[in-house]
Amino acid sequence: MDMDNLKDELKNEIKDMKISDEELESINGGFKETASLPTKGMNIKCPICGNSKSFGNALFDQKVGSVEYHCNECGQDFVCYDNQVVLKNNWIGLCNKKNYAYPFA
């Protein structure tokens, strides 16, 4: 599998799956990621409940560079990829469509 091609295809298609700006408007604050991950320095917020303080361990998929978070407030799992936020189920569907087995499915 050509990983560069897969990454480009994921970036192109993720735009249709990201959380809308309207959904994000009501979310303030954020947990600042400090671990050595592609999300380092970003303010991480749950796209469903807006939690910005309590997350489970981040799961880093080194092959594509995505980071998965689990919200300890509402239980939602979401993936950060290429400065976008995608709900985990949608991300798994996109990976499957691209014949990539997401390691945390």
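Refer to the structure above for everything that follows.
This one's a predicted model, so the numbers in the text were calculated from it and none came from an experiment.

Participant: So what's going on with the packing of helix α1 (residues 3–14) against helix α3 (residues 88–97)? Residues and values would help.
Facilitator: Packing of α1 against α3 leaves a shortest axis separation of 11 Å and a crossing angle of 135°. Judged by the inter-axis angle, α1 sits oblique to α3. The two elements α1 and α3 cross, and the hand of that crossing is right-handed. Of the residues in α3, those in contact with L10, E13 and I14 of α1 are W91, L94 and K97. Within the contact of α1 with α3, the residues separate by chemical class into 4 nonpolar, no polar and 2 charged.

Participant: Describe the nonpolar core, naming the residues involved and giving the relevant values.
Facilitator: L10, V64, Y81, W91 and Y102 are the most contacted members of the largest nonpolar core, which totals 13 residues. Elements with a minimum of two residues in this core: α1, β5 (77–81) and α3. Per-element accounting of this core gives the leading share, 4 residues, to α3. Apart from the residues within four sequence positions on either side, Y81 is in contact with K7, L10, K11, I14, V64, G65, S66 and W91.

Participant: Any details on α3? Residues and values, ideally.
Facilitator: Along an α-helix, residues three or four apart share an orientation, since each turn contains 3.6 residues. Restricting attention to buried positions, one finds in α3 the residues K88, W91, I92, L94 and C95. Taken down its axis, α3 places every buried residue within 160° of arc, on the same side. Along α3, exposed side chains directed more than 90 degrees from the buried face belong to N89 and K97. Its buried side turned inward, α3 meets α1, β4 (66–70), β5 and β6 (84–87). The positive-phi residue at the C-terminal boundary of α3 is N99, with phi of around 60°.

Participant: Lay out the side chain of D61 with the relevant residues and their values.
Facilitator: Within the secondary structure, D61 is located in strand β3 (residues 59–61). Here D61 sits buried without a salt bridge, and the closest side chain of opposite charge, K63, lies 6.9 Å off (N-O distance). Within the structure, D61 has its side chain in polar contact with the side chain of Y100 (distance 2.8 Å). Leave out the neighbours within four places in its chain, and D61 touches S66, Y100, Y102, P103 and F104.

Participant: Can you explain the packing of aromatic side chains? Please cite residues and give values.
Facilitator: In the structure shown here, the tally under the stated rule is 5 aromatic pairs. On the basis of an interplanar angle of 65° and a centroid distance of 5.9 Å, the ring pair of F55 and Y69 is categorised as edge-to-face. In this pair, F55 sits in the loop between β2 (43–44) and β3 while Y69 sits in strand β4, placing the two residues 14 residues apart along the sequence. Y69 shares its class with F55; the two are buried. With centroids separated by 5.5 Å and ring planes inclined at 85°, the aromatic side chains of Y102 and F104 adopt a geometry described as edge-to-face. Judged by relative accessible area, F104 falls into the partly exposed class, the value being 25%. Taken together, the ring pairs connect F55, Y69 and F78 into an aromatic cluster.

Calculation rules
- Residues numbered from 1 in each chain as written.
- Predicted model: local features only at pLDDT ≥ 70, side-chain atom pairs only at ≥ 80, totals over all residues.
- Heavy atoms only, no water.
- Axes fitted to C-alpha atoms, helices over the stretch in contact; angles between N-to-C directions.
- Helix = DSSP H or I, 4+ residues; strand = E, 2+ residues; numbered from the N terminus.
- Parallel < 35°, antiparallel > 145°, perpendicular 65-115°, else oblique.
- Left-handed = near helix turned anticlockwise from the far one by under 90°.
- Contact = heavy atoms within 4.5 Å.
- Nonpolar A, V, L, I, M, F, W, Y, C, P; charged D, E, K, R; others polar.
- Core = buried A, V, L, I, M, F, W, Y, C linked by side-chain atoms within 4.5 Å.
- Buried < 20%, exposed > 50% of the residue type's maximum accessible area, 1.4 Å probe, protein only.
- Arc of directions from axis to C-beta.
- Lys, Arg positive; Asp, Glu negative; His and termini not counted.
- Salt bridge = Lys/Arg side-chain N within 4 Å of Asp/Glu carboxyl O.
- Polar contact = N/O pair within 3.5 Å; in protein donor to acceptor, adjacent residues only side chain to side chain.
- Phe/Tyr/Trp six-rings, centres within 6.5 Å; stacked < 30°, edge-to-face > 60°.

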